[in-house]
Amino acid sequence: MSKPKKVQFSVFLSLTLLMLVLSSLVIFSDNFTLDNTLGITDRVHTIREPFWDLTGTPIIIDDAFPDYSWDTTATLNQWCSGSGTWDDPFILENILMNGSEASRCITIRNSNVYFCIRNCKIENSIWNSFGIYLEDVANGTIQNNSFRNNNRVIVLGGCNNNTIGNNSFYNDETGISIWYSVNTTIEYNTIYDSGYAAISLSQNTNTTLYGNKMYECGIDLLPMNDFDTITIDTSNIINEKPVYYYVNEARLTTTNFTNAGQILLINCSKCLIFNTALSHSSEGIKLISSDNNIISNNVFSQNRRMGINLFGSNNNTISENSFYNEEDGEGIFVWMSDKNVIDRNNISIGIYGSGISIDSGNDTQISNNRIINIDPYDEIRNNWTQGVAIYGCTNTSITNNYVYKQGFGYSVEGSQNTSISENVGEFCNHGMYLQNANIARISGNKLLNCQDKCLSEENSTETIYQRNYCNTAIKILTPSPKEIFGQESPSFNLQVNLPNTPEILWYTMNNGETNITCGLSDIIDQIMWTTLPDGPVVIQFYAMDAAKNIGSGFIEVSKQTHSPTTTFGSYNSTYTTSKSSGFSLGYMVMVLFLLFVLGTKKKNHI
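In this text the structure is predicted, and so the values were computed from the model without any measurement.

## A look at the packing of aromatic side chains
Alright, step 1. For the coordinates displayed, the defined rule picks out 21 aromatic pairs.
Alright, step 2. Centroid distance Tyr 192 to Tyr 215: 5.0 Å. Interplanar angle 15 degrees. Geometry classified as stacked. Taken as a pair, Tyr 192 in strand S17 (residues 190-192) and Tyr 215 in strand S20 (residues 213-215) lie far apart in primary sequence, 23 residues in all.
Alright, step 3. Its relative accessible area of 17% is what places Tyr 215 among the buried residues.
Alright, step 4. Taking the centre distance of 5.4 Å and the plane angle of 15 degrees together, the rings of Trp 506 and Tyr 542 count as stacked. Taken together, the residues Trp 506 in strand S55 (residues 502-509) and Tyr 542 in strand S58 (residues 535-545) connect sequence positions 36 residues apart.
Alright, step 5. Exposure remark for Trp 506: the relative accessible area of 17% places this residue in the buried category.

## Topic: the side chain of Asp 343
Alright, step 1. As for its placement among the helices and strands, Asp 343 is situated in strand S35 (residues 341-343).
Alright, step 2. Judged by relative accessible area, Asp 343 falls into the buried class, the value being 10%.
Alright, step 3. Within polar-contact distance, the side chain of Asp 343 engages the side chain of Asn 368 at 2.9 Å.
Alright, step 4. Once residues within four sequence positions are removed from consideration, Asp 343 is found in contact with Ile 318, Ser 319, Glu 320, Ser 367, Asn 368 and Asn 369.

## Here's the deal with the pattern of salt bridges
Alright, step 1. Tallied over the entire structure, the rule returns 11 salt bridges.
Alright, step 2. The salt bridge involving Arg 304 is made with Asp 193; its shortest N-O contact spans 2.0 Å. Here Arg 304, found in the loop between strand S30 (299-301) and strand S31 (306-311), pairs with Asp 193, found in the loop between S17 and strand S18 (197-202); they are 111 residues apart in sequence, far enough to count as distant.
Alright, step 3. A residue is classified by how much of its surface remains accessible, and Asp 193, at 27% relative accessible area, is partly exposed.
Alright, step 4. Residues joined in a network through salt bridges with shared partners are Asp 220, Glu 283, Lys 286 and Arg 305.

## Here's the deal with a nonpolar patch on the surface
Alright, step 1. A cluster of nonpolar side chains, namely Ile 60, Phe 65 and Tyr 68, defines an oily patch on the protein surface of about 310 Å² accessible area.
Alright, step 2. Mapped onto the fold, Ile 60 is located in strand S2 (residues 59-62).

## Structural notes on unusual backbone geometry
Alright, step 1. Thr 478 connects to Pro 479 through a cis peptide bond whose omega is 5 degrees.
Alright, step 2. With phi around 60 degrees, Gln 203 is a residue other than glycine that occupies positive phi space.
Alright, step 3. Position of Gln 203 relative to the elements: it lies in the loop between S18 and strand S19 (205-210).
Alright, step 4. Residue Glu 320 is not a glycine yet carries a positive backbone phi of 55 degrees.
Alright, step 5. With respect to the element layout, Glu 320 can be found in the loop between strand S32 (317-319) and strand S33 (322-324).
Alright, step 6. According to the relative accessible area criterion, Glu 320 is partly exposed, its value standing at 36%.

## Things to note about the sheet that holds strand S29 (residues 294-296)
Alright, step 1. Pairing within the open sheet is parallel, and its 9 strands lie in the order S26-S29-S32-S35-S38-S41-S44-S47-S50. Of all strands in the sheet, those with a lone pairing partner are strand S26 (272-274) and strand S50 (461-466), marking the two edges. Each strand of the sheet is rotated relative to its neighbour by a mean of 5 degrees, with strand direction disregarded.
Alright, step 2. Strand direction decides the pairing type here: strand S38 (residues 365-367) and strand S41 (residues 394-399), joined by 3 bridges, are parallel. Looking at S41, one finds that Ile 366 is bridged to Ile 398.

## Points about the nonpolar core
Alright, step 1. Counting 70 residues, the largest nonpolar core has Leu 265, Tyr 507, Met 509, Ile 539 and Phe 541 as its most contacted members.
Alright, step 2. Each residue touching Phe 541, except ones within four places of it in the same chain, is listed here: Ile 474, Ile 476, Phe 492, Leu 494, Trp 506, Tyr 507, Gly 551, Ser 552, Gly 553 and Ile 555.
Alright, step 3. Ala 74, Ile 191, Ala 198 and Ile 266 belong to the second-largest nonpolar core, a separate cluster that totals 52 residues.

## Examining the confidence of the model for the protein
Alright, step 1. Here the protein shows a mean pLDDT of 85. Residues at 70 or above account for 82%.
Alright, step 2. Contacts for the low-pLDDT stretch residues 566-598, under 50 throughout, to residues beyond four places or in other chains number 0 contacts.
Alright, step 3. With pLDDT under 50 throughout, residues 600-606 is counted as low confidence; its partners more than four residues away or in other chains account for 0 contacts.

Conventions used here
- Along every chain, residues carry numbers that run from 1 in the direction the sequence is written.
- In keeping with the predicted nature of the model, local features appear solely for residues at pLDDT of at least 70, side-chain atom pairs appear and are counted solely at 80 or more, and the whole-chain, interface and lining totals rest on all residues.
- Heavy atoms from the whole structure form the basis of all side-chain values; hydrogens and water molecules are not counted.
- Pairs were defined over the aromatic rings of Phe, Tyr and Trp, the Trp ring being its six-membered one, requiring ring centres within 6.5 Å. Orientation was assigned from the angle between planes: stacked under 30 degrees, edge-to-face over 60, tilted for the rest.
- Helix and strand definitions here come from DSSP, where helices need a minimum of 4 consecutive H or I residues and strands a minimum of 2 consecutive E residues; each element is numbered from the N-terminal end.
- Only protein chains enter the area calculation, which uses a 1.4 Å probe; residues under 20% of their type maximum are buried, those over 50% are exposed, and those in between are partly exposed.
- N or O atoms within 3.5 Å of each other form a polar contact, as long as, within protein, one can give a hydrogen and the other can take it, and as long as residues adjacent in sequence are counted only when both atoms are side-chain atoms.
- Note on definitions: a residue-residue contact is assigned when non-hydrogen atoms from the two residues lie within 4.5 Å.
- For this document, the term salt bridge refers to a Lys or Arg side-chain nitrogen within 4 Å of an Asp or Glu carboxyl oxygen.
- To count toward a patch, a residue needs a relative accessible area above 30% and no salt bridge. Like charges then connect within 9 Å, nonpolar side chains (Val, Leu, Ile, Met, Phe, Trp, Tyr) within 5 Å.
- Each accessible area value is a Shrake-Rupley result obtained with a 1.4 Å probe; residue values ignore everything except the protein chains displayed when judging cover.
- We treat two strands as partners when DSSP finds at least two bridges between them.
- Between N-to-C directions, angles span 0 to 180 degrees; the directions come from axes that are lines fitted to C-alpha atoms, helices contributing only their stretch in contact.
- Each nonpolar core is a collection of buried residues, namely Ala, Val, Leu, Ile, Met, Phe, Trp, Tyr and Cys, held together in the definition by side-chain atoms within 4.5 Å.
- The pLDDT value expresses, per residue, how confident the predictor is, ranging between 0 and 100.

Rendered as structure tokens:
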């Protein structure tokens with residue numbers, strides 16, 4: 001080996017050793033840094049008792065049965081301790097449970113002793129199941145627990161004097177659900193991304209919500225609560241914005257709803273909710289037994305269930321609001337409410353949403369609203385979405401609305417005296433659908449590009465259709481799209497879906513000005529066909545019944561009276577040139593490779 005090569009080797013070896021030493025120092029330094037930056041919580045966690053993994057073994061405590069009583073449970077299980085007194089409560093602690101195999105992870109019934117469930121983890125409780133279920137229970141505390149990916153997490157039914165505090169919820173369907181209960185305190189919980197609601201209250205008395213933080217979800221209040229005894233103050237926040245809860249108030253204005261995360265009005269009247277932005281909650285605005293209010297110029301975005309929800313609320317005006325919901329949310333839902341006006345709202349909904357739904361309402365006016373589907377996957381025309389839907393209503397007027405890409409554009413079920421006029425439905429599966437509806441007047445509507453049916457009804461009586469237009473009411477059975485014809489004009493067969501038997505049918509070709517009457521089975525006029533040049537031919541068919549309802553449909557065929565010119569020579573020439581070019585390229589690559597090998601050998605030899 002020559003001297004220069006030895007020097008190069010020595011330098012290489014020295015550099016390698018230096019790099020190894022530096023790497024060791026870096027690793028040592030990183031370990032030292034990590035070891036000295038552990039927080040107090042992490043240090044406590046390392047010495048904490050391990051969790052009792054009770055997955056597959058649901059806990060059932062029922063003081064009505066001795067074998068399942070608190071005393072028996074505490075005697076037989078190390079994960080339960082205490083005696084049930086105020087200063088020595090029974091404690092369920094450090095329990096880990098994956099609920100995938102249990103309908104209820106922890107069930108407590110018929111209990112009046114003091115107890116506490118704390119520092120437990122419950123995950124993945126299956127559909128129609130509960131994480132913690134309390135029935136006829138008093139004096140319980142549920143605190144410092146962690147829940148993830150459950151259906152309904154904490155459920156109390158018929159309970160008294162219980163506290164739920166400092167728990168964490170992640171991606172559950174409903175975080176806390178309380179019904180028929182008295183003296184419940186829900187405080188300082190953090191709830192993320194509950195699909196239905198963070199906290200749901202039904203038929204409760206003396207319930208206090210304080211200091212709860214909710215993200216991508218909110219509070220669900222059902223009408224049967226004793227609202228005068230329910231306390232929800234602005235320490236409860238949704239996406240860092242306060243919850244406003246008012247009972248028995250009048251003439252509230254924008255100053256009462258500053259930077260609102262959610263607005264809940266109970267028995268309030270003559271209030272103005274104007275120019276607010278409510279997003280990522282369960283419901284943006286809810287009115288219960290509240291009359292003569294105005295909700296206008298607000299923006300609702302991606303609320304899980306509804307933008308606006310009215311129950312038992314009359315003579316309200318909902319106008320000029322904008323709604324942007326992704327999947328399940330409804331824009332406006334009105335239940336058991338009369339004489340409300342819904343006008344000039346822009347509503348965007350997703351795969352399973354509905355624009356405007358009215359259930360059991362009378363004398364409702366729905367006008368000038370725009371409802372479109374914004375499904376990012378373009379799952380259009382499914383039967384789950386509805387533009388405007390009414391159920392069990394009387395004297396409803398639906399006028400001059402626009403609905404785009406819905407399963408049902410306009411749906412009427414179990415309703416009386418409904419007027420639907422001058423509306424547009426475009427790219428819907430069913431343009432307008434009536435079921436068990438009586439005395440409906442359907443007039444002047446345009447239903448465009450419906451996938452299934454424009455106008456359809458089931459078990460409905462006294463329906464009057466007048467002057468409606470549907471551009472897919474005529475189904476063309478023959479000929480087939482793009483079918484080629486020569487000198488002889490094609491024949492056709494049609495199927496017409498209009499409310500009444502068509503009185504007249506006609507067609508025109510290539511947007512021509514000449515209309516030619518025809519039957520359901522007929523032949524295109526030979527003279528007109530002869531005058532057409534070769535190429536695509538669009539035939540547009542129309543039908544009209546006695547009530548001036550018009551349907552149409554079109555098909556594109558091809559006229560070809562000359563044999564197509566075949567240019568095999570040009571094709572072969574091109575193919576040969578391409579093949580020759582490929583051969584030349586391969587040959588050049590091979591020559592360059594041989595020259596490289598020969599040059600390398602010659603250099604080594606030298």
